[in-house]
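Residues per chain, in single letters:
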Amino acid sequence: MIPEDRQSEEREILTRIRRGERLDHFETVRRRRDGSSIVVSLTVSPVKDAHGNIIGASKIARDITEHKRAQEQIRILAREAEHRSKNILANVQAIINLSQSDTSERLKEVISGRIQAMANVHSLFVETRWIGAEVSAIAKQELAPYLQEGQDKRIVMEGLQIVLEPTAAQAIAVVLHELATNAAKYGALSNAKGWIGLDWSRAEDGQLMLRWTELGGPRVNAPERKGFGSRLIEGTITPLGGKVHFDWRAEGLVCEIAVPT
């Protein structure tokens, strides 16, 4: 049935039929007997008698509701893909801008490792259909080399199950990669006795509170100036409205991070 707000449309169709025109694939809306609406594609042709006079109209209405819904879903997904692509490229650009090293080979290695951390967390997004990623899953992924058999006690993790939206999840993945890399070179993971304590919780304001504690490694001296790793971590968290605090204790680094979820 023709909805009330489409009556003028029908008059236009009949006017064109009287002129002998044919309408092909005219998309419009019709109403079922139960009152629900459907999207249809109309084909309307004039019907003529033996003398060529137009005496009626032949109409075929095809229900294309599902087809239109699928088209809209494709448009939404395309816009979302564009947004995510721009977000990924912006993060890669930020990583490159914040990365420095003494040699070109070492610089490539540094950038590659940081981008790989982002790639790792993206595999978690696929599992949740891009809702985000859970903190413990991100941590296990980034700290996998130190969670292997025979190294169980090197990483002690504790925290609630907290799902981070993609932007925050990517940031935490890069940060944990950076902290682990630094610990393996200079900190608690650079000897056989050191270990890492990683815990997290959600604050009353909804922020993720993450604490990285290194113990048992070489004695730590507070740096006279911020290193590239520290600047990368701050440059990753601060744009999200988060905060980073480094406490260079003699027994090991303590890094506290707050980031909106």
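Above this text is the structure in question.
Residues numbered from 1 in each chain as written. Predicted model: local features only at pLDDT ≥ 70, side-chain atom pairs only at ≥ 80, totals over all residues. Heavy atoms only, no water.

Draft legend 1. Structural view of the packing of aromatic side chains. For the structure shown, the criterion picks out one aromatic pair. Between Phe-246 and Trp-248 the ring centres are 6.1 Å apart and the planes differ by 15 degrees, which places this aromatic pair in the stacked class. The class for Trp-248 is partly exposed, based on a relative accessible area of 28%. (Phe/Tyr/Trp six-rings, centres within 6.5 Å; stacked < 30°, edge-to-face > 60°. Buried < 20%, exposed > 50% of the residue type's maximum accessible area, 1.4 Å probe, protein only.)

Draft legend 2. Structural view of the side chain of Ser-41. With respect to the helices, strands and loops of the structure, Ser-41 is situated in strand S2 (residues 37-48). You can call Ser-41 buried: its relative accessible area is 6%. Once you skip the residues sitting within four places of it in the chain, Ser-41 turns out to touch His-25, Phe-26, Glu-27, Ile-60, Ala-61, Arg-62 and Ile-64. (Helix = DSSP H or I, 4+ residues; strand = E, 2+ residues; numbered from the N terminus. Contact = heavy atoms within 4.5 Å.)

Draft legend 3. Seen up close, the pairing of strand S1 (residues 23-31). Looking at chain direction, S1 and S2 are connected through seven bridges and run antiparallel. Within the sheet, the bridge partner assigned to Glu-27 lies in S2 and is Ser-41. In this structure, the hairpin formed by S1 and S2 is closed by a connection of five residues, where Gly-35 is found at a positive phi of approximately 95 degrees. (Pairing = 2+ DSSP bridges.)

Draft legend 4. Looking closely at the packing of helix H5 (residues 166-185) against helix H6 (residues 228-237). Packing of H5 against H6 leaves a shortest axis separation of 9 Å and a crossing angle of 170 degrees. One finds that H5 runs roughly antiparallel with respect to H6. Residue-level inspection shows Ala-171, Ile-172, Val-174, Val-175, Glu-178 and Leu-179 of H5 in contact with H6, the latter providing Gly-229, Leu-232, Ile-233, Thr-236 and Ile-237. In terms of residue class, the contact of H5 with H6 is made up of eight nonpolar, two polar and one charged. (Axes fitted to C-alpha atoms, helices over the stretch in contact; angles between N-to-C directions. Parallel < 35°, antiparallel > 145°, perpendicular 65-115°, else oblique. Nonpolar A, V, L, I, M, F, W, Y, C, P; charged D, E, K, R; others polar.)

Draft legend 5. Examining the pattern of salt bridges more closely. Taken as a whole and judged by the stated rule, the model has 14 salt bridges. Across the pair Lys-68 and Glu-27 runs a salt bridge whose closest N-O atoms are separated by 2.9 Å. Pair noted here: Lys-68 is in helix H2 (residues 65-98) and Glu-27 is in strand S1, with a separation of 41 residues, a long-range link. Glu-178 is the salt-bridge partner of Arg-114, the closest N and O atoms lying 2.6 Å from each other. Taken together, the residues span a long stretch of sequence, with Arg-114 in helix H3 (residues 104-127) and Glu-178 in helix H5 at a distance of 64 residues. (Salt bridge = Lys/Arg side-chain N within 4 Å of Asp/Glu carboxyl O.)

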